[in-house]
Amino acid sequence: MANRRQHPLSVFTETNYLHAFVSPNYVKHVFWAQWQTVPLPKPGHFAGQTVIVTGANVGLGLEAVRHFARLGAARVIVACRSVEKAEAAVADVRQSLTAEQAAAVKLEAWDMDLGSFASVAAFGKRAAKELDRLDAVVENAGVAAGTYCPLEGHESSITVNVLSTFYLAFLLLPLLRQTAAQHNVRPNISIVSSDAHFFARFDEQYKPSIFAALQDPASMTHDRYNVSKLLEILVVREMAKVLDDKKIGITVNTLNPGLCRTQLFRSLPFGVRHLVNGGLVLIGRTADMGARTLVSAAAAGPETHGEYLDTNEVWPVSTYVTSEAGAKAQGRVWTELLGILEGIHPGIIKNLE
Ligand SMILES: NC(=O)c1ccc[n+]([C@@H]2O[C@H](COP(=O)([O-])OP(=O)(O)OC[C@H]3O[C@@H](n4cnc5c(N)ncnc54)[C@H](OP(=O)(O)O)[C@@H]3O)[C@@H](O)[C@H]2O)c1
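My aim in this report is to walk through the structure given alongside it, one point at a time. It should be emphasised that the depicted structure is a prediction, and the values quoted were computed from it without experimental measurement.

Before going further, it helps to spend a moment on the nonpolar core. Phe170, Ile189, Phe202, Phe211, Leu231 and Met239 are the most contacted members of the largest nonpolar core, which totals 64 residues. Residue assignment for this core shows that the elements contributing at least two residues are strand E2 (75-80), helix H6 (117-130), helix H7 (156-183), strand E7 (188-192), helix H8 (210-215), helix H9 (224-245), helix H12 (319-322) and helix H13 (324-344). Ranked by residue count, the leading element in this core is H7, at 14 residues. If we skip the residues at most four places from it in the chain, Ile189 touches Val137, Glu139, Ala169, Leu173, Leu176, Met239, Ile250, Thr251, Val252 and Asn253. Among the nonpolar cores identified, the runner-up in size contains 37 residues, and Ala69, Ala102, Ala287 and Ala291 belong to it.

Here it is in structure tokens:
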């Protein structure tokens, strides 16, 4: 993981937006990565470990649960929007395991709606009460919303992909820290981001408040999903620095699962949806193959702390992220996020002290 590759999209130094689509390098990269067989961690890697996977009823989350179970995890919390969906996912995974695998893993159906801060808070409280250890959290749940839909006062992709995602990470920090201390391990928080961040125009960075600008229905464009995935990367990078400053031994990383044949694009406008799904038939990874990148990020070591992974390797983020403007935005996004989380849950940022 230590070797950094030159990302094909890095050739665009100003805005890598539209150019990336026509870059021969990008096309080459996509075809190269999409056809790779993504390796899995060694059998037994997760033996004795407890793992949480969010958005686990379909797509990458469901297949990640199946991998964790086959790789020897002791306990997997299958977190879905409703308990019925979680129970169906548990049954689906269980019937695909050998008798030996099924006997070795405890699969638990838990509900959490990332569109509701109260639901995320309840999940965090339950985890603190019922889990005696937590080794890895895969924050996979996400939406690609086609239209503006407010959830908890913010646009739905910002609420689900960013605010609730990091609210959950903050809620789970005490349990992760306790696990690190008691078992002499370094737990992982892995946030599923995307190559879509390369295409973010992110006009909201020019506004006095980034999150306030994103609340404005008039600001809803096709850029929103890209921006939500960019924000995830900015927050992970800043969070990693803060964890290091506080000498907290938890790895937080982020990853691109590649283009995968899942239901992610279900809410996009009819034409775009069919265009994307047509492309996925040609070059999309199966959900099983894409999910391997989630499982590998959860197994990865401290060399991935604050980093972005693509096909299990530390991979360059967009040139915007590492630019002066990106660094400035990173600090602002972090400060604004902490303010919002404190508004939702006074005292929550003390979990980072
Ligand atoms: N597929 C790709 O090509 C691709 C590429 C790059 C990144 N990603 C990222 O991969 C992750 C997984 O996506 P996927 O491709 O597996 O898509 P998917 O099949 O649509 O799965 C998304 C999951 O997120 C859950 N979710 C959405 N809103 C939620 C909410 N409010 N509360 C709880 N759960 C919620 C969904 O639950 P419901 O079924 O209840 O809605 C579902 O389980 C996402 O973060 C996505 O951005 C995917």
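The way to describe two aromatic rings as a pair is by their centre distance and the angle between their planes. Enumeration according to the criterion identifies five aromatic pairs in this entry. Between Phe117 and Tyr167 the ring centres are 6.3 Å apart and the planes differ by 85°, which places this aromatic pair in the edge-to-face class. Placement of Phe117 in helix H6 and of Tyr167 in helix H7 is noted, with a sequence separation of 50 residues between them. An identical accessibility class is assigned to Phe117 and Tyr167; each is buried.

In terms of residue burial, strand E1 (residues 50-54) counts as a mostly covered element, since five of its five residues are buried. With burial as the criterion, each face of E1 is covered, one bearing Thr50, Ile52 and Thr54 and the other bearing Val51 and Val53. As paired strands, E1 and E2 are joined by five bridges and run parallel to one another. Note on E2: the bridge partner recorded for Thr54 is Ala79. The β-α-β motif built from E1, the intervening helix H3 (residues 59-70) and the parallel element E2 has right-handed crossover chirality. By the bridge criterion, three bridges tie E1 to strand E4 (residues 136-139) in an arrangement that is parallel.

Spatially, the eight strands line up as an open sheet ordered E3-E2-E1-E4-E7-E8-E9-E10, and their pairing is mixed. Every interior strand has two partners, whereas the edge strands, strand E3 (106-111) and strand E10 (313-314), have only one. Pairing of strand E9 (residues 308-310) with E10 involves two bridges; the strand directions are antiparallel. In the sheet register, Asp310 faces E10, and the bridge partner there is Glu313.

Rules behind the numbers
- Residues numbered from 1 in each chain as written.
- Predicted model: local features only at pLDDT ≥ 70, side-chain atom pairs only at ≥ 80, totals over all residues.
- Heavy atoms only, no water.
- Core = buried A, V, L, I, M, F, W, Y, C linked by side-chain atoms within 4.5 Å.
- Buried < 20%, exposed > 50% of the residue type's maximum accessible area, 1.4 Å probe, protein only.
- Helix = DSSP H or I, 4+ residues; strand = E, 2+ residues; numbered from the N terminus.
- Contact = heavy atoms within 4.5 Å.
- Phe/Tyr/Trp six-rings, centres within 6.5 Å; stacked < 30°, edge-to-face > 60°.
- Pairing = 2+ DSSP bridges.
- Right-handed = clockwise from strand over helix to strand, strands pointing away.

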